[in-house]
Amino acid sequence: MSEPDAQMLALATGIARFIAGGGGLDGIFARDVTIIENFPPHVFRDVATWRDAMIHHVHALSDLAFTFAPAVDFSIHGERAYFCVPVTWTGKLHGKPFRELGGKSLVLQKEDGAWRVAAYAWAVVEMRFV
């Protein structure tokens, strides 16, 4: 396999939908998880703490939308897989339109026969108001 399959990409999409306010997190994360974000405390070891912090983080945002570019740097080794997804976010911060470019880096782990996100990191590459 030279690129993530639909189920793998659906995990990245599920995270983005949650952030945009349109989805839940059931079935996305592994039991043992590490999440790295651009807001404090930056390293999260459980989904519930990250979820609550993310809800607070996006409170000042509205009209959030995302698009993905094709995944890059895909590899799979047994029960683990890795890939990055370039992301463009658009929306409003305190009513002012913005565009943010970044990337999701994901490590997937097979659990109970399905892929789950064992590690997720977000990196902002560019942020501008438009």
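Relevant structure appears above.
In this report, we go over the structure that sits alongside the text. (Residues numbered from 1 in each chain as written. Predicted model: local features only at pLDDT ≥ 70, side-chain atom pairs only at ≥ 80, totals over all residues. Heavy atoms only, no water.)

### Thoughts on the overall build of the chain
1) Next: Counting its secondary structure elements, the chain contains two helices and seven strands.
2) Next: Order of helices (α) and strands (β) in the chain, N terminus to C terminus: α-β-β-α-β-β-β-β-β.
3) Next: The C-alpha atoms of the chain give 14 Å as radius of gyration, which agrees with the globular expectation for 130 residues (14 Å, within 12%).
4) Next: Carbon together with sulfur atoms contributes 55% to the accessible area of the chain, which is approximately 7100 Å² in total.
5) Next: Here the chain holds 12 positive side-chain charges and 14 negative ones, and the gap between their average locations is 5 Å. (Helix = DSSP H or I, 4+ residues; strand = E, 2+ residues; numbered from the N terminus. Rg over C-alpha atoms; globule rule 2.2 N^0.38 Å. Areas by Shrake-Rupley, 256 points an atom, 1.4 Å probe, with all protein chains shown as cover. Lys, Arg positive; Asp, Glu negative; His and termini not counted. Charge placed at Lys NZ, Arg CZ, Asp CG, Glu CD.)

### Overview of the packing of aromatic side chains
1) Next: This model, assessed by the stated rule, comprises seven aromatic pairs.
2) Next: With centroids separated by 6.2 Å and ring planes inclined at 85°, the aromatic side chains of Trp50 and Tyr120 adopt a geometry described as edge-to-face. With a gap of 70 residues between them, Trp50 in helix H2 (residues 47-57) and Tyr120 in strand E7 (residues 114-129) connect regions that are remote in the sequence.
3) Next: Joined through ring pairs, the aromatic side chains of Phe18, Phe29, Trp50 and Tyr120 make up one cluster.
4) Next: The side chain of Lys96 reaches across the aromatic face of Phe129, ending 4.8 Å from its centre. (Phe/Tyr/Trp six-rings, centres within 6.5 Å; stacked < 30°, edge-to-face > 60°. Lys NZ or Arg CZ within 6 Å of the ring centre and 35° of its normal.)

### Focus on the environment of His57
1) Next: Checked against the element boundaries, His57 lands in helix H2.
2) Next: Taking the C-alpha atoms as reference points, His57 and Ser2, 55 residues apart in sequence, are found 35 Å from one another.
3) Next: Setting aside chain neighbours within four positions, we find His57 in contact with Asn38 and Phe39. (Contact = heavy atoms within 4.5 Å.)

### Things to note about the nonpolar core
1) Next: Formed by 32 residues in total, the largest nonpolar core has its most connected members in Ile19 and Trp50.
2) Next: Going through the elements one at a time, helix H1 (6-19), strand E1 (29-36), H2, strand E5 (80-93), strand E6 (96-111) and E7 are the ones with two or more residues in this core.
3) Next: Ranked by residues supplied to this core, first place goes to H1 with seven residues.
4) Next: The residues contacting Trp50, other than those within four sequence positions of it, are Ile15, Phe18, Ile19, Leu25, Phe29, Ile35, Glu37, Phe39, Phe44 and Tyr120. (Core = buried A, V, L, I, M, F, W, Y, C linked by side-chain atoms within 4.5 Å. Buried < 20%, exposed > 50% of the residue type's maximum accessible area, 1.4 Å probe, protein only.)

### Considering the side chain of Glu111
1) Next: Note on placement: Glu111 falls in strand E6.
2) Next: Accessibility expressed as a relative area gives 13% for Glu111, which makes it buried.
3) Next: A polar contact of 3.1 Å, which involves the side chain of Glu111, links it to the backbone nitrogen of Arg31. (Polar contact = N/O pair within 3.5 Å; in protein donor to acceptor, adjacent residues only side chain to side chain.)

### Focus: the packing of H1 against H2
1) Next: Interaxial distance between H1 and H2 falls to 10 Å at its minimum, and their mutual angle equals 45°. Our classification of the angle between H1 and H2 gives oblique. Between H1 and H2, the contacting residues are Ile15, Phe18 and Ile19 on the first element and Trp50, Arg51, Met54 and Ile55 on the second.
2) Next: Tallied by class, the residues present in the contact of H1 with H2 amount to six nonpolar, no polar and one charged. (Axes fitted to C-alpha atoms, helices over the stretch in contact; angles between N-to-C directions. Parallel < 35°, antiparallel > 145°, perpendicular 65-115°, else oblique. Nonpolar A, V, L, I, M, F, W, Y, C, P; charged D, E, K, R; others polar.)

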